[in-house]
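The primary structure of each chain is shown beneath.
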Amino acid sequence: MEKTSNLLLKVTRRLFTNVDEQTKFIDALVHSQPFAPCILWCQDKPDISHFELEMPTSWQPQFVDRLSIGEKPGQHLLHQQGYFYCLDFSSVFSASVLLAIPESIRIVFDMCAAPGGKSVFAWKALQPDLLISNEVIGKRLGMLISNLKRCQIKPSGVVNRDSSIFAQMFPSTSNLVMVDAPCTGQSLLAKGEKAPGCFHPTSINKSANRQKRIIANSAQVVAPQGYLAYMTCTYSPEENEQVCEWFLEKFPHFHAVEVGHLSAYQSHLTNIHCYRMFPQDRLGAGAFTVLFRNTEQEDIKTIDLDTIYSMCKYQNT
């Protein structure tokens, strides 16, 4: 236990130079408090409010409501009927970088999709012609398919392949690729959940290497002038800012997009336009997010829909 505390303290000191912020951050993890539940309306909101609401933030999209603590939206009949999707407000923060995309988006490819929250957000915010949600871990497919089906997300398809397969088969085809990257999950602690070894350097480096592989494969799927959104729910700079710095060195034709509505959350650990939410802000357990754009001018390649649909574990067109 003492060793774990030392590892947490080491990461904390790298994140914050201010002692008061260090104390607040550690306290948010050690003495976790419930966060306000949040829902994303997949269908139009009913005329009457079924929940007690918190005051919305300035950047909160119209189709998202943050509810008062104690509300249990997952038990509501409207949830069963697919009117809304329940998610952490940190996920809304991460996905809100998509609101900075001015163009219409034809194809969205969610590379690490389960349980489906970011896919649902992209579908609602951007209304693409096709949403492709990939989940490489087979046992998580059922949850993803169930959520997309319940929320009537269409046209959509669910696939189950490693990111390297898509880099080979569908290069330069997707207007938006999302990577909600697997990580050490340090923010779970702020929700009172367990994340064994999440601050250990071995775990952090292993995650960072996996993240670099996934984002590199995903970049190859992005169409010229398209976008790549990278997100995590962890705090370590190795899994966040340092992945971005590595990525921009390897793929210099990408640049980070400035997201005006998140300017107050700009990471102080880099000059790259990327954004962090911390648990002591009391909005959500924590998140990191960045939106890259592919500046290449080549023609967009047409995605082979027959091939995609033949790979689908589920589709709703």
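Starting afresh in each chain, residues are numbered from 1 along the sequence in its written order. The model is predicted, so local features are restricted to residues of pLDDT at least 70 and side-chain atom pairs to those at 80 or more, both for listing and for counting; the totals for chains, interfaces and linings are taken over all residues. In computing side-chain properties, one takes all heavy atoms of the structure into account and sets aside hydrogens as well as water.

So, on to the pattern of salt bridges. The salt bridge definition used is simple: a Lys or Arg side-chain nitrogen within 4 Å of an Asp or Glu carboxyl oxygen. Tallying each qualifying case throughout the model produces 8 salt bridges. Ionic pairing is found between R14 and E238, a salt bridge with its closest N-O pair at 2.5 Å. Of the two residues, R14 sits in helix α1 (residues 2–15) while E238 sits in the loop between β8 (222–232) and α9 (241–250), which places them 224 residues apart along the sequence. Accessibility expressed as a relative area gives 17% for E238, which makes it buried. Among the ionic pairs, K45 bridges to D65, the shortest N-O distance being 3.3 Å. Residue K45 is found in the loop between β1 (38–41) and β2 (64–66), and its partner D65 is found in strand β2; the two are separated by 20 residues along the sequence. We count a stretch as a helix when DSSP gives it H or I for four or more residues in a row; a strand needs E for two or more, and each element gets its number in order from the N terminus. Using a 1.4 Å probe on the protein chains alone, a residue whose accessible area is under 20% of its type maximum counts as buried, one over 50% counts as exposed, and one in between counts as partly exposed.

Where helix α8 (residues 201–221) contacts α9, the axes come no closer than 10 Å and their chain directions differ by 40°. Classified by the interaxial angle, the pair formed by α8 and α9 is oblique. Where α8 crosses over α9, the handedness of that crossing is right-handed. Contacts between α8 and α9 involve A208, Q211, K212, I215, A216 and A219 on the former and, on the latter, V243, W246 and F247. Under the scheme applied here, ten amino acids are nonpolar (Ala, Val, Leu, Ile, Met, Phe, Trp, Tyr, Cys and Pro), four are charged (Asp, Glu, Lys and Arg), and all others, including Gly, are polar. A breakdown of the residues in the contact of α8 with α9 according to their chemical character gives 7 nonpolar, 1 polar and 1 charged. Between N-to-C directions, angles span 0 to 180 degrees; the directions come from axes that are lines fitted to C-alpha atoms, helices contributing only their stretch in contact. These descriptions rest on fixed angle ranges, namely under 35 degrees for roughly parallel, over 145 for roughly antiparallel, 65 to 115 for roughly perpendicular, and the rest for oblique. For any pair of crossing helices, the crossing counts as left-handed if the nearer helix is rotated counterclockwise from the farther one by less than a right angle, and right-handed if it is rotated clockwise. By definition in these notes, contact holds between two residues if any of their heavy atoms fall within 4.5 Å.

Turning our eyes to something else, we now look at the pairing of strand β6 (residues 156–159). Taking every second residue as pointing to the same face, both faces of β6 are buried, with S156 and V158 on one and G157 and V159 on the other. In this sheet, β6 lies alongside strand β5 (residues 130–134) in parallel orientation, the contact comprising 4 bridges. Pairing of S133 across the sheet is with V158, part of β6. Running through helix α6 (residues 141–150), the crossover from β5 to the neighbouring parallel element β6 is right-handed. The pairing criterion is simple: DSSP has to find at least two bridges between the two strands. Pairing of β6 with strand β12 (residues 314–316), which is carried by 3 bridges, proceeds in the antiparallel orientation. Residue pairing in the sheet places S156 in a bridge with N316 of β12. By convention, a crossover is right-handed whenever its connection, traced from the first strand over the helix to the second and viewed with the strands pointing away, goes clockwise.

With that settled, the discussion passes to the UniProt feature "active site" (unreviewed entry) in the chain. UniProt positions are given in the numbering used here, feature names are shortened, and annotations may be inferred rather than shown by experiment. According to UniProt, the positions carrying the feature "active site" (unreviewed entry) are C233. Looking at the secondary structure, you find C233 in the loop between β8 and α9. When sequence neighbours within four positions are dropped, the list of residues in contact with C233 reads C183, G185, Q186, S187, G286 and A287.

So, on to helix α5 (residues 117–126). Within α5, 8 of the 10 residues are buried, leaving the element largely enclosed by the surrounding structure. Buried within α5 are the following residues: G117, K118, S119, V120, F121, A122, W123 and L126. Q127 sits one or two positions beyond α5 and adopts a positive phi of about 50°.

Time to look at the UniProt feature "binding site: S-adenosyl-L-methionine" (unreviewed entry) in the chain. The UniProt entry lists C112, A113, A114, P115, G116, G117, K118, E135, D162 and D180 under the feature "binding site: S-adenosyl-L-methionine" (unreviewed entry), expressed in the numbering used here. In this structure, G117 sits in helix α5. On the basis of relative accessible area, G117 is assigned to the buried category, the value being 10%. Residue placement: D162 occurs in the loop between β6 and α7 (163–169). Residue contacts for D162: discarding those within four places in its chain leaves V136, R213 and N217.

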